[in-house]
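# A look at the structure
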Amino acid sequence: MRGVLVGVVGTVVVLGVAGAVAVPQAKEWYEGRHEQTASYATGKAAKAERPSVPRWLPDDAASVEYAMRTTGGERILKATLSGDGLPASCTPLDAGAGKAPDPEISASWFPSGAASGAQGRCGSYYVSLKDHTLYAWQTNDDWVEENRRSAQ
């Protein structure tokens, strides 16, 4: 009887440890399975390879990092710009518009708290520029609205 009890306790311990390891891994896979990331040397290369990269990104932008969710319009982008300002098609944020929404996806190269530094809009993206590094993000709601406007 004691041998059976030891066997049962051993099995429970092994299953508990396996569950403690497997469940977080499964959750990470499940939550990230619809996200894609890519790196490009230039804005021109990024736009040529991936139609979802915004057209307002300058061709000469360098070190482009891009992440997107395939089940919606959530996007984040990082690029090095040659100029000192936002791309020409971008507009400054209206001072009374309130705080920009937080990005809905994340990546190690995209800073947390980017929304507090939002300076403008480029199409449906919120943008901030620090030195020559552009950070841009699009929420799913803004993507849906942009598609609705372009369909009319």
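The rules behind these values
Residues numbered from 1 in each chain as written. Predicted model: local features only at pLDDT ≥ 70, side-chain atom pairs only at ≥ 80, totals over all residues. Heavy atoms only, no water. Helix = DSSP H or I, 4+ residues; strand = E, 2+ residues; numbered from the N terminus. Buried < 20%, exposed > 50% of the residue type's maximum accessible area, 1.4 Å probe, protein only. Contact = heavy atoms within 4.5 Å. Areas by Shrake-Rupley, 256 points an atom, 1.4 Å probe, with all protein chains shown as cover. Disulfide = S-S within 2.5 Å. Salt bridge = Lys/Arg side-chain N within 4 Å of Asp/Glu carboxyl O. Phe/Tyr/Trp six-rings, centres within 6.5 Å; stacked < 30°, edge-to-face > 60°. Lys NZ or Arg CZ within 6 Å of the ring centre and 35° of its normal. Polar contact = N/O pair within 3.5 Å; in protein donor to acceptor, adjacent residues only side chain to side chain.

In the annotation of an unreviewed UniProt entry, the entry for the chain reads Lipoprotein, and the organism field reads Streptomyces bacillaris.

### Thoughts on the overall build of the chain
Regarding its fold elements, the chain presents three helices and seven strands. Start at the N end of the chain and walk to the C end: the helices and strands fall as α-β-α-β-β-β-β-β-β-α. Every one of the 152 residues in the chain was classed for burial, and the buried ones make up 34%. When contacts within the chain are restricted to residue pairs at least 6 apart in sequence, long-range pairs at least 24 apart make up 53% of them. Roughly 9200 Å² of accessible area belongs to the chain as shown, and the carbon and sulfur atoms make up 56% of that amount.

### Remarks on the state of the cysteines
For the structure shown, the criterion picks out one disulfide. For Cys90, the disulfide goes to Cys122, at an S-S distance of 1.7 Å. Its S-S torsion of about 105° marks the bond between Cys90 and Cys122 as right-handed, since a negative value means left-handed. With Cys90 in the loop between strand E3 (75-80) and strand E4 (91-92) and Cys122 in strand E5 (residues 120-122), the pair connects residues that are 32 residues apart, well separated along the chain.

### Notes on the pattern of salt bridges
Applying the stated rule across the entire model yields eight salt bridges. Asp59 serves as the salt-bridge partner of Lys47, at 2.7 Å between the closest nitrogen and oxygen. Within this pair, whereas Lys47 is found in helix H2 (residues 43-49), its partner Asp59 is found in the loop between H2 and strand E2 (62-69), the two being separated by twelve residues in sequence. Given the relative accessible area of 14%, Lys47 is considered buried. Ionic pairing is found between Asp142 and Arg121, a salt bridge with its closest N-O pair at 3.6 Å. Taken together, the positions of Asp142 in helix H3 (residues 140-151) and Arg121 in strand E5 put the pair 21 residues apart, joining distant regions of the chain. Arg121 shares its class with Asp142; the two are buried.

### Description of the packing of aromatic side chains
Scanning the model with the defined rule gives five aromatic pairs in all. Taking the centre distance of 6.1 Å and the plane angle of 80° together, the rings of Phe110 and Trp137 count as edge-to-face. Residue Phe110 is located in the loop between E4 and E5, and its partner Trp137 is located in strand E7 (residues 133-138); the two are separated by 27 residues in the primary sequence. Take Phe110 and Trp137: they sit in the same class, and that class is buried. A centroid spacing of 6.0 Å and a plane angle of 20° characterise the contact between Tyr126 and Trp137, whose relative ring orientation is stacked. One end of the pair, Tyr126, is in strand E6 (residues 125-130); the other, Trp137, is in strand E7, with eleven residues separating them in the sequence. Over the ring of Tyr126 we find Arg121; its NZ or CZ atom is 3.9 Å from the centre of that ring.

### Some details on the side chain of Ser124
Tracing the chain through its elements places Ser124 in the loop between E5 and E6. What makes Ser124 buried here is its relative accessible area of 6%. Here the side chain of Ser124 touches Gln138 through a polar contact of 2.4 Å, side chain to side chain. The residues contacting Ser124, other than those within four sequence positions of it, are Trp137, Gln138, Asp142 and Glu146.

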